[in-house]
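# Structure at a glance
What follows is each chain in one-letter form.
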Amino acid sequence: MTQAGPLQWRSGAGWLVLLGGGGWEDGEMIHSRAISAIVDESPIAFVPAAQPDDPTYGAAFLSHYAELGAPPGYVVPITDQTSARDPANYRRLARASLVFIGGGDARQLLQTLDSTPAIEAIADAFDSGAVIVGVSAGAMALGKWGLSFDTGKILPGWGWVSDALVVPHYTPDRSPQVRSALQRYPEAMALGLPDNVALALGPDGEVETWTDTEEQVTVTIGAKFGR
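Source: prediction; values computed, not measured.

## Structural notes on the layout of surface pockets
- Considered as a void within the structure, the largest pocket measures approximately 260 Å³ in volume.
- If you go around the largest pocket, you meet 20 residues; those closest to its centre are Gly104, Asp105, Ala106, Ser148 and Asp150.
- Residue assignment for the lining of the largest pocket shows that the elements contributing at least two residues are helix H5 (106-113) and helix H7 (137-142).
- Grouping the amino acids of the lining of the largest pocket by side-chain chemistry returns 8 nonpolar, 8 polar and 4 charged.

## Quick word on the sheet that holds strand E6 (residues 98-101)
- Strand order in the open sheet made by the 7 strands is E5-E4-E6-E7-E3-E12-E13, with mixed pairing throughout. The open sheet has two edge strands, strand E5 (73-75) and strand E13 (207-211), and neither has a second partner. Each neighbouring strand pair of the sheet contributes to a mean axis angle of 15°, computed without reference to strand direction.
- Bridge analysis of strand E3 (residues 16-19) against strand E7 (residues 131-135) gives 4 bridges, and the strand direction is parallel. By the bridge assignment, Leu16 is partnered in E7 with Ile132.

## Section: the environment of Pro172
- Turning to its location among the elements, Pro172 is positioned in the loop between strand E10 (161-168) and helix H8 (175-184).
- The sequence separation of Pro172 and Pro194 amounts to 22 residues, and the corresponding C-alpha distance is 9.4 Å.

## Details of the packing of aromatic side chains
- Counted under the stated rule, the structure contains 10 aromatic pairs.
- A centroid spacing of 4.6 Å and a plane angle of 35° characterise the contact between Phe61 and Phe100, whose relative ring orientation is tilted. With Phe61 in helix H2 (residues 55-67) and Phe100 in strand E6, this pair connects stretches of sequence that are 39 residues apart. An identical accessibility class is assigned to Phe61 and Phe100; each is buried.

## As for the nonpolar core
- Leu16, Leu93, Ile132, Trp158, Trp160 and Val161 are the most contacted members of the largest nonpolar core, which totals 48 residues.
- Of all hydrophobic cores here, the second largest spans 23 residues; its members include Trp24, Ile35, Ile44 and Val133.

## Thoughts on a negative patch on the surface
- Together, Glu25, Asp26, Glu28, Glu67, Asp195 and Asp212 line one region of the surface with negative charge.
- Topologically, Glu67 is positioned in helix H2.
- Owing to a relative accessible area of 63%, Glu67 belongs among the exposed residues under this scheme.

## Section: the pairing of E6
- The side-chain alternation of E6 yields two buried faces, one formed by Leu98 and Phe100 and the other by Val99 and Ile101.
- As paired elements, strand E4 (residues 44-47) and E6 share 4 bridges and run parallel to each other. By the bridge assignment, Phe46 is partnered in E6 with Phe100.
- Sheet topology places E6 next to E7; 4 bridges connect them, and they run parallel. Directly across from Phe100, in E7, lies its bridge partner Val133.

## Brief notes about the packing of helix H4 (residues 87-94) against helix H6 (residues 117-127)
- Here H4 crosses H6 at 20°, and the two axes come no closer than 8 Å. What the angle tells us is that H4 and H6 run roughly parallel. Considering how the two elements wind past one another, H4 and H6 form a crossing that is right-handed. Residues Tyr90, Leu93 and Ala94 of H4 pack against Pro117, Ala118, Glu120, Ala121, Ile122, Asp124 and Ala125 of H6.
- In terms of residue class, the contact of H4 with H6 is built from 8 nonpolar, no polar and 2 charged.

## Digging into unusual backbone geometry
- For Ser115, which is not a glycine, the phi torsion comes out positive at approximately 55°.
- With respect to the element layout, Ser115 can be found in the loop between H5 and H6.
- Its identity is not glycine, yet Asn196 carries a phi of approximately 65°, on the positive side.
- With respect to the element layout, Asn196 can be found in the loop between strand E11 (189-193) and strand E12 (197-201).

Definitions and cut-offs
Numbering of residues starts from 1 in every chain and runs along the sequence as written. Side-chain atom pairs in this predicted model are given and counted only at pLDDT of 80 or more, local residue features only at pLDDT of at least 70, and totals for whole chains, interfaces and linings cover all residues. Heavy atoms throughout the structure, all of them, feed into the side-chain values; hydrogens and water do not. Cavity and pocket criteria rest on a 1 Å grid covering protein atoms alone: a 1.4 Å probe that fits but cannot get out defines a cavity, protein on both sides within 12 Å along at least 5 of 7 lines defines an open pocket, and an atom within 4 Å of a point defines a lining residue. Grid points are joined across faces, edges and corners, and a volume is the space filled by probe spheres set on the points. Runs of E in the DSSP output that reach at least two residues are strands. Runs of H or I that reach at least four are helices, and both are numbered from the N terminus. Only Asp, Glu, Lys and Arg are considered charged in this grouping, and only Ala, Val, Leu, Ile, Met, Phe, Trp, Tyr, Cys and Pro are considered nonpolar; every other residue, Gly among them, is considered polar. Pairing between strands is defined by DSSP: at least two bridges between them are needed. Helix axes are fitted only over the stretch in contact, all axes being lines through C-alpha atoms; the angle between N-to-C directions runs from 0 to 180 degrees. Each pair of aromatic rings taken from Phe, Tyr and Trp, with Trp reduced to its six-membered ring, is defined by centres within 6.5 Å and is described as stacked if the planes are under 30 degrees apart, edge-to-face if over 60, and tilted in the remaining cases. Only protein chains enter the accessibility calculation, which uses a 1.4 Å probe; a residue is then buried when its area is under 20% of its type maximum, exposed when over 50%, and partly exposed in between. Among buried residues, the Ala, Val, Leu, Ile, Met, Phe, Trp, Tyr and Cys ones that are joined through side-chain atoms within 4.5 Å form a nonpolar core. Residues qualify for a patch when their relative accessible area is over 30% and they have no salt bridge, like charges being joined within 9 Å and the nonpolar side chains of Val, Leu, Ile, Met, Phe, Trp and Tyr within 5 Å. Only the protein chains shown count as cover for residues, and the accessible areas themselves come from Shrake-Rupley with a 1.4 Å probe. Each salt bridge in this description consists of a side-chain nitrogen of Lys or Arg and a carboxyl oxygen of Asp or Glu lying within 4 Å of one another. Charge assignment in this entry is limited to Lys and Arg as positive and Asp and Glu as negative, and neither His nor the chain termini are counted. Charge placement uses NZ in Lys and CZ in Arg. For Asp and Glu, CG and CD serve respectively. Orientation is classified from the angle alone, with under 35 degrees giving roughly parallel, over 145 giving roughly antiparallel, 65 to 115 giving roughly perpendicular, and any other angle giving oblique. What makes a crossing left-handed is the near helix being turned counterclockwise from the far one by less than a right angle; a clockwise turn instead makes it right-handed. For this analysis, residues touch if any pair of their heavy atoms sits within 4.5 Å.

What follows is the structure in structure tokens.
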């Protein structure tokens, strides 16, 4: 694991970018920074598993990133466990220079990718230097747990950011939800990510906040965190 202060995350040659949510046009700086962290001209990849019934989301992502100067890319057609086990989709993900895991239904995303080669492919890409961007549901997947905005339920993530409870769409009025979650998981550190705010974790221990707003990441430590 790579560590900076209390944060620990999966070691790899790429960046992990956890984005709380928000529209394309409001987070242009974040997306530009993610593109600038790309290390080669390999294709970029969009994973639509959190919104499998919306074919326009992936196309909008590719169009917006092309306007910002990203390499060409493709939507990786992962919508269920079968497609997440497709060798062709493994290859598409493993060779990507940037993998964007979109927002939507967090439970759908996690159930679709759970224990599949698709996660292994994303890990292989990250190990080789790919930028991994998780927005909303995608950010929750990168933590050890995620706190659902819609239901308030705690869902298990992949644990790439160790002991992190990721809270997308964070606002101060969600703090009671966070405190309640930390009572259940006192060993956790909650990362409150407002819309259009990203926590970016680099391969050499960089910890950066990317945002065009005055908002920041809110960190709340559980009673037994780090023990």
